[in-house]
Amino acid sequence: SGGHGDHPANIAKLLDALRDVPDDRRTARFVSVLAVLRHAHDPQPLIAEAEWHGEILEAPRGDGGFGYDPLFLIPELGRTGAELAPEEKNALSHRGRALALLAQR
């Protein structure tokens, strides 16, 4: 939808694609999979996977985060990824949770 990192254009494209999708069908999830190889031929890389479930709003909310954060509603909090403080987002997000799992190994 434009140059790399054009978040407003990406958001506009997503909203256009979902224009006729009802609210109860606007579920979404982010998935993060991290793999660490200890050497080039590591037979057992460390792998951590995490998901972040939410819903896609009809309009952006919040000033923080990046990418689709202003559209990604976390239903149990009633806030978007862009409305979370960075430390709160890192604790809840797919990336933050995958990193935490990886650190435990």
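Throughout what follows, the structure given in this document is the object of discussion. (Residues numbered from 1 in each chain as written. Predicted model: local features only at pLDDT ≥ 70, side-chain atom pairs only at ≥ 80, totals over all residues. Heavy atoms only, no water.)

## Thoughts on the overall build of the chain
Rules: A run of H or I in DSSP counts as a helix once it spans at least four residues, and a run of E counts as a strand once it spans at least two, with each numbered from the N terminus. For every residue, the accessible area obtained with a 1.4 Å probe (protein chains only) is divided by the maximum for its type, and the residue is called buried under 20%, exposed over 50%, and partly exposed between those limits. We call two residues contacting when some pair of their heavy atoms lies within 4.5 Å. All accessible areas in this document rest on Shrake-Rupley with a 1.4 Å probe, and a residue is counted as covered only by the protein chains that are shown. Under this rule, positive means Lys or Arg and negative means Asp or Glu; His and the chain ends count for nothing. Taken as the charge location is NZ of Lys, CZ of Arg, CG of Asp or CD of Glu.
Across its full length, the chain holds three helices and four strands. For the chain, the succession of helices and strands along the chain, N to C, is α-β-β-β-β-α-α. With the C-alpha coordinates aligned to their principal axes, the bounding extent of the chain is approximately 50 × 30 × 25 Å. Put simply, the chain has 105 residues, and 28% of those count as buried. Residue pairs in contact within the chain that sit at least 24 positions apart in sequence constitute 43% of those at least 6 positions apart. Approximately 6,900 Å² of the chain is accessible, and the part contributed by carbon and sulfur atoms is 54%. Here the chain contributes 12 positively and 16 negatively charged side chains, and the mean placements of these two sets differ by 5 Å.

## Considering the side chain of Thr80
Applicable threshold: Nitrogen and oxygen atoms within 3.5 Å of one another constitute a polar contact, given that in protein one can donate a hydrogen and the other can accept it, and given that sequence-neighbouring residues count only through two side-chain atoms.
Locating Thr80 in the fold gives a position in strand 4 (residues 79-80). With relative accessibility at 0%, the residue Thr80 sits in the buried group. Looking at Thr80, its side chain comes within polar contact range of the main-chain oxygen of Arg61, at 2.8 Å. If we ignore the near neighbours within four places in the chain, the residues touching Thr80 are Leu57, Arg61, Asp69, Pro70, Phe72, Leu73 and Ile74.

## Let's talk about a nonpolar patch on the surface
Put simply, the rule is: Patch definition: residues with relative accessible area over 30% and no salt bridge; like charges joined within 9 Å; nonpolar side chains (Val, Leu, Ile, Met, Phe, Trp, Tyr) joined within 5 Å. We define a salt bridge as a contact between a side-chain nitrogen of Lys or Arg and a carboxyl oxygen of Asp or Glu at a distance within 4 Å.
Together, Val31, Val33 and Ile47 make up a nonpolar patch on the protein surface, roughly 250 Å² of accessible area in all. As for its position among the elements, Ile47 is in strand 2 (residues 46-56).

## Brief notes about the nonpolar core
As a reminder, the rule being used: In this text, buried Ala, Val, Leu, Ile, Met, Phe, Trp, Tyr and Cys residues form a nonpolar core when linked through side-chain atoms within 4.5 Å.
Ile11, Leu15, Leu18, Trp52, Ile56, Leu71, Phe72, Ile74 and Leu84 form the largest nonpolar core, which has nine residues in total. Sorting the residues of this core by element identifies helix 1 (7-17), strand 2 and strand 3 (72-74) as the ones contributing at least two each.

## Some remarks on the packing of aromatic side chains
The line we're drawing: The aromatic pairing rule takes the rings of Phe, Tyr and Trp, using the six-membered ring of Trp, and pairs them if the centres are within 6.5 Å, calling planes under 30 degrees apart stacked, those over 60 edge-to-face and the rest tilted.
Within the structure shown, the criterion is met by three aromatic pairs. Judged by centre distance (4.6 Å) and plane angle (50 degrees), the ring pair of Phe30 and Phe72 falls under tilted. Taken as a pair, Phe30 in strand 1 (residues 27-36) and Phe72 in strand 3 lie far apart in primary sequence, 42 residues in all. With centroids separated by 4.9 Å and ring planes inclined at 55 degrees, the aromatic side chains of Trp52 and Phe72 adopt a geometry described as tilted. On the criterion of sequence distance, the pair formed by Trp52 in strand 2 and Phe72 in strand 3 is long-range, its members being 20 residues apart. In this structure, Trp52 and Phe72 share a single accessibility class: buried.

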